[in-house]
Amino acid sequence: MDGFQRRRELKKNNILDSALSLFMEYGIQKVSISEIAKKANVSQVTIYNYFESKHNLIHDVFIYYVDKAANDFEEVIYNDLPFPEKIQKLIFAKKEAATQIHEEFYQFMMKEYTTEGNYIEKVYIEKTIPYFTKLIEDGKQQGFVNPDLSAEAVLFYINMLKDYMQKEEVYQKILPLTEDITNIFFYGICGKND
(Lines give C-alpha, C1' and ligand atoms only; values in the text may rest on other atoms or scores of the structure.)
Protein backbone atom coordinates (compact mmCIF):
# COMPACT_ATOMS: atom_id res chain seq x y z
CA MET A 1 0.00 0.00 0.00
CA ASP A 2 1.49 3.34 -1.03
CA GLY A 3 1.54 6.45 1.15
CA PHE A 4 -1.61 7.91 -0.43
CA GLN A 5 -3.59 4.70 0.11
CA ARG A 6 -2.31 4.41 3.69
CA ARG A 7 -3.36 8.01 4.50
CA ARG A 8 -6.74 7.41 2.85
CA GLU A 9 -7.28 4.24 4.90
CA LEU A 10 -6.23 6.01 8.12
CA LYS A 11 -8.66 8.87 7.42
CA LYS A 12 -11.47 6.41 6.68
CA ASN A 13 -10.79 4.49 9.91
CA ASN A 14 -10.68 7.76 11.84
CA ILE A 15 -14.13 8.63 10.50
CA LEU A 16 -15.45 5.15 11.36
CA ASP A 17 -13.96 5.34 14.85
CA SER A 18 -15.41 8.82 15.43
CA ALA A 19 -18.85 7.78 14.18
CA LEU A 20 -18.75 4.62 16.29
CA SER A 21 -17.87 6.61 19.39
CA LEU A 22 -20.76 9.03 18.80
CA PHE A 23 -23.26 6.25 17.94
CA MET A 24 -22.26 4.34 21.08
CA GLU A 25 -22.89 7.40 23.23
CA TYR A 26 -25.87 9.09 21.55
CA GLY A 27 -27.43 6.52 19.21
CA ILE A 28 -27.72 6.83 15.45
CA GLN A 29 -30.57 9.28 14.89
CA LYS A 30 -29.27 12.05 17.14
CA VAL A 31 -25.80 12.11 15.54
CA SER A 32 -25.37 14.27 12.45
CA ILE A 33 -22.75 14.04 9.73
CA SER A 34 -21.49 17.47 10.84
CA GLU A 35 -20.89 16.14 14.38
CA ILE A 36 -19.02 13.13 13.01
CA ALA A 37 -16.95 15.42 10.75
CA LYS A 38 -16.08 17.66 13.69
CA LYS A 39 -15.03 14.72 15.89
CA ALA A 40 -13.00 13.15 13.03
CA ASN A 41 -11.49 16.53 12.17
CA VAL A 42 -12.54 16.28 8.51
CA SER A 43 -15.08 18.06 6.34
CA GLN A 44 -18.58 16.75 5.75
CA VAL A 45 -17.68 16.52 2.06
CA THR A 46 -14.86 14.12 2.96
CA ILE A 47 -17.33 11.86 4.75
CA TYR A 48 -19.66 11.88 1.75
CA ASN A 49 -16.68 11.19 -0.56
CA TYR A 50 -15.84 8.08 1.46
CA PHE A 51 -19.35 6.82 2.28
CA GLU A 52 -21.81 8.67 -0.03
CA SER A 53 -24.58 8.75 2.61
CA LYS A 54 -25.23 8.48 6.32
CA HIS A 55 -26.93 5.14 5.66
CA ASN A 56 -23.74 3.74 4.08
CA LEU A 57 -21.66 5.17 6.92
CA ILE A 58 -23.89 3.49 9.51
CA HIS A 59 -23.54 0.18 7.67
CA ASP A 60 -19.75 0.53 7.50
CA VAL A 61 -19.59 1.49 11.19
CA PHE A 62 -21.52 -1.69 11.97
CA ILE A 63 -18.95 -3.78 10.05
CA TYR A 64 -16.09 -1.85 11.67
CA TYR A 65 -17.55 -2.55 15.14
CA VAL A 66 -18.02 -6.28 14.44
CA ASP A 67 -14.46 -6.58 13.09
CA LYS A 68 -13.09 -4.69 16.09
CA ALA A 69 -14.97 -6.97 18.50
CA ALA A 70 -13.71 -10.08 16.66
CA ASN A 71 -10.14 -8.79 16.76
CA ASP A 72 -10.41 -8.02 20.49
CA PHE A 73 -11.79 -11.53 21.07
CA GLU A 74 -8.97 -13.07 19.04
CA GLU A 75 -6.40 -11.09 21.03
CA VAL A 76 -7.70 -12.56 24.29
CA ILE A 77 -7.94 -16.11 22.93
CA TYR A 78 -4.38 -16.17 21.56
CA ASN A 79 -2.89 -14.43 24.59
CA ASP A 80 -0.64 -16.49 26.89
CA LEU A 81 -2.82 -15.73 29.91
CA PRO A 82 -4.10 -18.60 32.04
CA PHE A 83 -7.61 -19.78 31.16
CA PRO A 84 -9.37 -18.11 34.15
CA GLU A 85 -7.85 -14.74 33.27
CA LYS A 86 -9.01 -15.09 29.66
CA ILE A 87 -12.55 -15.76 30.92
CA GLN A 88 -12.41 -12.73 33.21
CA LYS A 89 -11.21 -10.54 30.33
CA LEU A 90 -14.03 -11.81 28.09
CA ILE A 91 -16.67 -11.23 30.76
CA PHE A 92 -15.31 -7.76 31.53
CA ALA A 93 -15.29 -6.91 27.81
CA LYS A 94 -18.92 -8.03 27.46
CA LYS A 95 -19.92 -6.06 30.57
CA GLU A 96 -18.08 -2.95 29.37
CA ALA A 97 -19.59 -3.17 25.89
CA ALA A 98 -23.07 -3.63 27.34
CA THR A 99 -22.77 -0.57 29.57
CA GLN A 100 -21.19 1.65 26.91
CA ILE A 101 -23.45 0.95 23.95
CA HIS A 102 -26.44 3.18 23.29
CA GLU A 103 -29.71 1.23 23.19
CA GLU A 104 -30.60 2.53 19.71
CA PHE A 105 -27.24 1.49 18.23
CA TYR A 106 -27.53 -1.91 19.92
CA GLN A 107 -31.05 -2.40 18.47
CA PHE A 108 -29.77 -1.44 15.00
CA MET A 109 -26.96 -4.02 15.28
CA MET A 110 -29.31 -6.74 16.48
CA LYS A 111 -31.76 -5.98 13.67
CA GLU A 112 -28.86 -6.36 11.20
CA TYR A 113 -27.95 -9.61 12.99
CA THR A 114 -31.36 -11.11 12.18
CA THR A 115 -31.19 -10.52 8.42
CA GLU A 116 -30.35 -13.47 6.20
CA GLY A 117 -26.64 -13.77 5.35
CA ASN A 118 -25.65 -10.92 7.68
CA TYR A 119 -22.07 -9.90 8.42
CA ILE A 120 -22.14 -11.02 12.07
CA GLU A 121 -23.09 -14.52 10.94
CA LYS A 122 -20.16 -14.56 8.53
CA VAL A 123 -17.72 -13.48 11.27
CA TYR A 124 -19.33 -15.96 13.66
CA ILE A 125 -18.71 -18.88 11.29
CA GLU A 126 -15.24 -17.82 10.14
CA LYS A 127 -13.78 -16.52 13.42
CA THR A 128 -15.91 -16.90 16.54
CA ILE A 129 -16.47 -20.66 16.31
CA PRO A 130 -12.73 -21.41 15.85
CA TYR A 131 -11.89 -18.99 18.71
CA PHE A 132 -14.36 -20.66 21.07
CA THR A 133 -13.06 -24.08 20.05
CA LYS A 134 -9.52 -22.99 20.90
CA LEU A 135 -10.64 -21.44 24.18
CA ILE A 136 -12.36 -24.66 25.25
CA GLU A 137 -9.35 -26.77 24.25
CA ASP A 138 -7.04 -24.44 26.20
CA GLY A 139 -9.36 -24.74 29.20
CA LYS A 140 -9.24 -28.54 28.96
CA GLN A 141 -5.44 -28.59 28.70
CA GLN A 142 -5.10 -26.32 31.73
CA GLY A 143 -7.56 -28.41 33.77
CA PHE A 144 -10.35 -25.81 33.98
CA VAL A 145 -12.81 -27.39 31.53
CA ASN A 146 -14.14 -30.90 31.92
CA PRO A 147 -12.04 -33.01 29.51
CA ASP A 148 -15.07 -35.24 28.82
CA LEU A 149 -17.03 -32.26 27.49
CA SER A 150 -17.03 -32.33 23.71
CA ALA A 151 -16.35 -29.24 21.65
CA GLU A 152 -19.45 -30.18 19.65
CA ALA A 153 -21.64 -29.90 22.77
CA VAL A 154 -20.20 -26.48 23.63
CA LEU A 155 -20.71 -25.26 20.06
CA PHE A 156 -24.26 -26.68 20.09
CA TYR A 157 -24.96 -24.65 23.25
CA ILE A 158 -23.44 -21.50 21.73
CA ASN A 159 -25.50 -21.97 18.55
CA MET A 160 -28.70 -22.36 20.59
CA LEU A 161 -27.95 -19.13 22.42
CA LYS A 162 -27.06 -17.33 19.17
CA ASP A 163 -30.22 -18.53 17.41
CA TYR A 164 -32.39 -17.50 20.37
CA MET A 165 -30.78 -14.05 20.54
CA GLN A 166 -31.67 -13.40 16.90
CA LYS A 167 -35.38 -13.27 17.76
CA GLU A 168 -36.64 -9.69 17.93
CA GLU A 169 -38.59 -10.21 21.14
CA VAL A 170 -35.39 -11.50 22.76
CA TYR A 171 -32.73 -9.09 21.51
CA GLN A 172 -34.91 -6.13 22.50
CA LYS A 173 -34.61 -7.19 26.15
CA ILE A 174 -31.19 -8.83 26.39
CA LEU A 175 -28.77 -5.89 26.66
CA PRO A 176 -29.04 -5.42 30.47
CA LEU A 177 -28.61 -9.18 30.93
CA THR A 178 -25.36 -9.48 28.93
CA GLU A 179 -23.04 -9.87 31.92
CA ASP A 180 -25.30 -12.42 33.62
CA ILE A 181 -25.66 -14.47 30.45
CA THR A 182 -21.90 -14.44 29.90
CA ASN A 183 -21.33 -15.51 33.52
CA ILE A 184 -23.83 -18.36 33.19
CA PHE A 185 -22.15 -19.50 29.98
CA PHE A 186 -18.69 -19.65 31.54
CA TYR A 187 -19.49 -20.58 35.13
CA GLY A 188 -22.89 -22.29 35.00
CA ILE A 189 -25.67 -21.58 37.46
CA CYS A 190 -23.50 -22.69 40.41
CA GLY A 191 -21.00 -19.88 39.82
CA LYS A 192 -17.24 -20.00 39.82
CA ASN A 193 -15.32 -21.80 42.51
CA ASP A 194 -12.60 -19.63 44.07
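The structure contained in this document is the topic of the report that follows. (Residues numbered from 1 in each chain as written. Predicted model: local features only at pLDDT ≥ 70, side-chain atom pairs only at ≥ 80, totals over all residues. Heavy atoms only, no water.)

1. Describing the environment of H102
So, point 1. As for its placement among the helices and strands, H102 is situated in the loop between α5 (83-100) and α6 (103-113).
So, point 2. A sequence separation of 37 residues divides H102 from G139, and the C-alpha atoms of the two residues are 33 Å apart.
So, point 3. When residues no more than four places from it in sequence are discounted, the contact partners of H102 are F23, M24, E25, Y26 and G27. (Helix = DSSP H or I, 4+ residues; strand = E, 2+ residues; numbered from the N terminus. Contact = heavy atoms within 4.5 Å.)

2. Here we look at the side chain of K86
So, point 1. The residue K86 is located in helix α5 in this model.
So, point 2. Taking the relative accessible area as the measure of exposure, K86 reaches 2% and is therefore buried.
So, point 3. One polar contact links the side chain of K86 to the main-chain carbonyl oxygen of I77, over a distance of 2.7 Å.
So, point 4. Discounting residues that sit within four places of it in the chain, K86 has contacts with V76, I77, N79, L81, L135 and D138. (Buried < 20%, exposed > 50% of the residue type's maximum accessible area, 1.4 Å probe, protein only. Polar contact = N/O pair within 3.5 Å; in protein donor to acceptor, adjacent residues only side chain to side chain.)

3. Things to note about the pattern of salt bridges
So, point 1. This structure, assessed with the given rule, holds 5 salt bridges.
So, point 2. Among the ionic pairs, D138 bridges to K134, the shortest N-O distance being 3.0 Å. One end of the pair is D138 and the other is K134, both in helix α7 (residues 119-141) and 4 residues apart, which spans about a single turn.
So, point 3. Assessed through its relative accessible area of 10%, D138 is described here as buried.
So, point 4. A residue is classified by how much of its surface remains accessible, and K134, at 26% relative accessible area, is partly exposed.
So, point 5. What you see here is one network of salt bridges that share partners, running through K86, K134 and D138. (Salt bridge = Lys/Arg side-chain N within 4 Å of Asp/Glu carboxyl O.)

4. Regarding the packing of aromatic side chains
So, point 1. This structure, assessed with the given rule, holds 8 aromatic pairs.
So, point 2. Judged by centre distance (5.9 Å) and plane angle (80 degrees), the rings of Y65 and F105 are edge-to-face. Placement of the pair is Y65 in helix α4 (residues 54-77) and F105 in helix α6, with a sequence separation of 40 residues.
So, point 3. Exposure remark for F105: the relative accessible area of 0% places this residue in the buried category.
So, point 4. With a centroid separation of 5.2 Å and an interplanar angle of 55 degrees, the aromatic rings of F73 and F132 are classed as tilted. Residue F73 is found in helix α4, and its partner F132 is found in helix α7; the two are separated by 59 residues along the sequence. (Phe/Tyr/Trp six-rings, centres within 6.5 Å; stacked < 30°, edge-to-face > 60°.)

5. Focus: α7
So, point 1. The end-to-end C-alpha separation of α7 is 32 Å, in line with the 33 Å expected for 23 residues at 1.5 Å each.
So, point 2. In α7, a bend of some 45 degrees at I125 exceeds every other bend along the element.
So, point 3. The opening residue of α7 is N118, an N-cap whose side-chain oxygen sits 3.0 Å from the backbone nitrogen of I120.
So, point 4. Following α7 by one or two positions, G143 adopts a phi angle in the positive range, close to 85 degrees. (Expected span 1.5 Å × (residues − 1). Bend = angle between axes of the 7 residues up to and from the residue.)

6. Description of the layout of surface pockets
So, point 1. By volume, the largest pocket is sized at about 1,500 Å³.
So, point 2. Forming the boundary of the largest pocket are 41 residues, of which Y65, A69, K94, A97 and T178 lie nearest the centre.
So, point 3. For the lining of the largest pocket, the secondary-structure elements that each account for two or more residues are α1 (3-26), α4, α5, α6, α7, α8 (151-165) and α10 (178-187).
So, point 4. Per-element accounting of the lining of the largest pocket gives the leading share, 8 residues, to α4.
So, point 5. Partitioning the lining of the largest pocket into residue classes produces 30 nonpolar, 5 polar and 6 charged. (1 Å grid on protein atoms, 1.4 Å probe; cavity = no way out; pocket = protein on both sides within 12 Å on 5 of 7 lines; lining within 4 Å. Points joined across faces, edges and corners; volume = space filled by probe spheres on them. Nonpolar A, V, L, I, M, F, W, Y, C, P; charged D, E, K, R; others polar.)

7. A short note on unusual backbone geometry
So, point 1. A positive phi angle, close to 60 degrees, is found at N41, a residue other than glycine.
So, point 2. Structurally, N41 is set in the loop between α2 (33-40) and α3 (44-51).
So, point 3. Residue classification places N41 among the exposed positions, given a relative accessible area of 71%.
So, point 4. If you check the backbone angles, E52 has positive phi at about 70 degrees while not being a glycine.
So, point 5. For E52, the position within the fold is in the loop between α3 and α4.

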